[in-house]
Amino acid sequence: MSVDLSNVRNIGISAHIDSGKTTLTERILFYTDRIHAIHDVRGKDGVGAKMDSMELERERGITIQSAATYCNWKGNNINIIDTPGHVDFTVEVERALRVLDGAVLILCSVGGVQSQSITVNRQMDRYNVPRISFINKCDRTGANPERVTRQLQDKLGLNAHMLQLPIGLENDLAGVVDLVTMKALYFDGDNGEIIREEEIPAELQDAADAKREELLDAVSMFSDDLMEAMLEETEITSDMVKAAVRAGTLALEFSPVFIGSAYKNKAVQPLLDAVEYYLPCPTDVENIGLDLDKNEEEFPVSNNDDDPLVMLAFKLEDGRYGQLTYVRTYQGRLTKGDTIYNVRTGKKVKVGRLVRMHSDDMEDIDSCGSGDIVALFGVDCASGDTFTDGKITCSMSSMHIPEPVISLAILPVDNKAQINMSKALNRFTKEDPTFKTFVDHETNETIISGMGELHLEVYVERMKREYNAEVEVGAPQVAYRETISARAEFNYTHKKQTGGSGQFGRVAGYMEPLEEGEYEFEDKIVGGAIPREFISSCDKGFAKSLAKGTLCGSPVTGVRCVINDGSFHAVDSSDVAFQLAAAGAFREGYAKAKPKIMEPIMKVAVEGPSEFQGSVMGSINQRRGMIIGTTEEGNYTVVEAEVPLSEMFGYSTALRSLTQGKAEFTMEFASFKPVPKSVSEELVKKYQDEKKEK
């Protein structure tokens, strides 16, 4: 049965850590009858919130994996993805936003726009996701939704306006005034499930009138009807205002702001109404596919059930019953038992089981149509693969995957742990593209890399709990890079004559710094100095040399290699000979091109009481950090800085002892920058010593 797509909403819930995303999702599921009791994230009943299904999530009170669920609100099917707030798990947010049509950005009424809110907002911009904001925790001491709305305008550059006014704040939060209908809403009953609509309290009438005027001025530009009604001073209906707000939101030019307290069960239902009114349905958003039969020509997907099937796998999970693949269908219809094609591998697979996810529970379904988010069983694929029914060869554009910045050596304690560790690593790398693993052939150690200390800590803990793989963990290592800072020429001849056929190849040219990108190869050979069939061998030789620089053994990036001369031998030149000649040429040029070591620099935000501002700034300066700015909000100060990652290990403990545990920090990767001379010398010496020991 086809579903009316105008009644479907695919939304994500994203925010800074600890803004109450999972608590809000718990309320949404309760009000839509998906669950029948509310449990708290770190509740004393030991049950935990529905969406935090992993044991570790419940223990730590944070969301590690995004979880999918769906519910029905007033006849609308809403697919929801609850995403992690911690920046280490940022890929989960990226994946969710790629396939969602709209999003709810949650902010804390005290903390306001925090560092991760800025990151999430940037990610939403990247995927053109229309958003509404919900200022949560209005029952907390120091709550100030007006200030947070101003921050949305100033810090995020959103055209944000409140569609509600709070009735009381902090402990006195009683309800909200709806500025569209001009009614006061109260939430009665044990769980706020009974909505009582009343006239606006007299003391708030003037403020409500003024705010409504402000709102109408802001949204009138998105609706001619509303503009006309305002100019002619005729009646302005709620529908007119809603249509204008919706038009502005879908055009990404307006961001409606709602307020409430999920924990106290206040004003969650109006937010669900807002999802219906203001966020797009699948047909409101243009999703672009690439037609591989027509040289990757872009085309908008149709959202039509009768067209050939196109769907994107955006998340993998290895569960009790094998690999579970989350997919979003963009057009066409999928029925259980159908055969689908993986466009990347060309393999066809039969869909044996199709389910709709509700956190870690699932419901079997027989079919799904365009705009749906469902999960498949027993389909072997990678995250980001496109599936079709074979009638069309197309790909949905891939997701942005950030590079890992931190590494850790792990050593299994015994043979059994080694086998289990391999199984665990195999699964984790498949599920999470920001988690990588490899064996360092020189030290024979298994290295895991990820986005931060917490990211790797969680995986080590999961290895232990889910796979019974005890591992010893080495000290964290920073993922350094090497690059060159000057142009240098090379002219290298590789010659080997050891009886039988020999090897000969000469490669000449130059290398220079590349401003954007990791590596480029340019062929400027004229007159056949190097035969065409060996040009790609030169490229391969250079590319292989990038894997390990000579300063500290880190990968080399930002290099353009240009070849403009060379020579060959009719008998002795071969693919291998030119690869080796290019590798030799790279070594020769690299030594002359003033190579330098780059280190990851993190953008750090430390938030805490103002009395500790001096200590916090001192601790950042000690760590070679550069303070970018400080902002004071009441008694709280936020210090923003850029600090090398190598100096941030153990900072959480240091910060706790400096501030009596009252400050917290977040960090995310900002850029690679050259290390100071003293650090560079130390790293080079360490690398040389390690080489001598082997």
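Throughout this description, residue numbers start from 1 for each chain and increase along the sequence as written. Thresholds applied to this predicted model are a pLDDT of at least 70 for local features of residues and 80 or more for the giving and counting of side-chain atom pairs; totals over whole chains, interfaces and linings are not thresholded and use all residues. Calculated side-chain values reflect all of the structure's heavy atoms, with hydrogen atoms and water omitted.

For any two helices packed against each other, the geometry comes down to the angle between their axes and how far apart the axes lie. The interhelical angle for the contact between helix α8 (residues 238-250) and helix α9 (residues 269-278), taken along N-to-C directions, is 75°, at an axis separation of 9 Å. It follows from the interaxial angle that α8 and α9 lie roughly perpendicular. Here K242, V245, R246, T249 and L250 of α8 lie close against α9, whose contacting residues are E276, Y277 and Y278. Three categories are distinguished: nonpolar for Ala, Val, Leu, Ile, Met, Phe, Trp, Tyr, Cys and Pro, charged for Asp, Glu, Lys and Arg, and polar for the others, with Gly belonging to the last. When grouped by side-chain class, the residues that make up the contact of α8 with α9 number 4 nonpolar, 1 polar and 3 charged. Inter-axis angles, ranging from 0 to 180 degrees, are taken between N-to-C directions of lines fitted to C-alpha atoms, where helices are fitted over the stretch in contact. Put simply, DSSP marks the helices as runs of H or I at least four residues long and the strands as runs of E at least two long, and each gets a number from the N terminus on. Each angle gets one of four labels, with under 35 degrees taken as roughly parallel, over 145 as roughly antiparallel, 65 to 115 as roughly perpendicular, and the rest as oblique. In what follows, a contact means two residues having at least one pair of non-hydrogen atoms within 4.5 Å.

Mapped onto the secondary structure, T557 falls in the loop between α12 (535-545) and β34 (559-567). Remark: exposure states derive from per-residue accessible area (1.4 Å probe, protein chains only) relative to the maximum for the residue type, with buried under 20%, exposed over 50%, and partly exposed in between. Residue T557 is classed as buried on the basis of its relative accessible area, which comes to 16%. Residues in contact with T557, not counting those within four places in the same chain, are R481, E482, T483 and E518.

An order of β13-β12-β24 is seen for the 3 strands of this open sheet, with the pairing classed as antiparallel. In the strand order of this sheet, the two ends are held by β13 (297-300) and β24 (394-396), each with one partner. Geometrically, the sheet is characterised by an average inter-axis angle of 35° between neighbouring strands, direction not taken into account. In this structure, strand β12 (residues 288-291) lies alongside β24, joined through 3 bridges in antiparallel fashion. The residue of β24 that forms the bridge with D291 is C394. When DSSP finds two or more bridges between a pair of strands, those strands are recorded as paired.

As a further point, take the domain arrangement of the chain. Interface size is commonly expressed as the accessible area that is lost once the parts come together. What marks off one domain from the next here is an automatic or database domain assignment. Taken as a whole, the chain is organised into domain 1 (5-278), domain 2 (287-396), domain 3 (406-479), domain 4 (482-593) and domain 5 (597-678). Counting from both sides, the interface comprises 8 residues of domain 1 and, opposite them, 6 residues of domain 5. Carbon and sulfur atoms supply 40% of the area that domain 1 and domain 5 bury against each other, a total of about 740 Å² over both sides. What makes a salt bridge here is a side-chain nitrogen of Lys or Arg within 4 Å of a carboxyl oxygen of Asp or Glu, nothing more. Taken together, the links from domain 1 to domain 5 amount to 0 salt bridges. Counted as a polar contact is a pair of N or O atoms within 3.5 Å, where, for protein atoms, one must be capable of donating a hydrogen and the other of accepting one, and residues adjacent in sequence contribute only when both atoms are in side chains. Where domain 1 touches domain 5, the interface holds 0 residue pairs in polar contact (both at pLDDT 80 or more). Elements with a contribution of two residues or more to the side of domain 1 that touches domain 5: α4 (115-126) and α5 (145-154). In terms of residues, the side of domain 1 that touches domain 5 owes the most to one element, α4, which gives 3 residues. When grouped by side-chain class, the residues that make up the side of domain 1 that touches domain 5 number 1 nonpolar, 5 polar and 2 charged. Buried area: the sum, over both parts, of the accessible surface (1.4 Å probe) that disappears when the two are put together.

What follows is about the pattern of salt bridges. Overall, the coordinates contain 28 salt bridges when judged by the stated rule. Put simply, K74 and D273 hold a salt bridge, and the shortest N to O gap is 2.9 Å. A residue pair is termed long-range when its members are at least 10 positions apart, and K74 in the loop between β2 (67-73) and β3 (76-82) and D273 in helix α9 qualify at 199 residues. The exposure class of D273 is buried, given its relative accessible area of 15%. When the shortest N-O distance is used, the salt bridge between E199 and K183 registers 2.9 Å. Here the residue E199 occupies a position in the loop between β10 (194-198) and α6 (202-219), and K183 occupies one in strand β9 (residues 183-188), the gap between them amounting to 16 residues. Looking at K183, the relative accessible area reads 23%, which means it is partly exposed. Salt bridges linked by common partners bring E512, E520, E522 and R560 together as one network.

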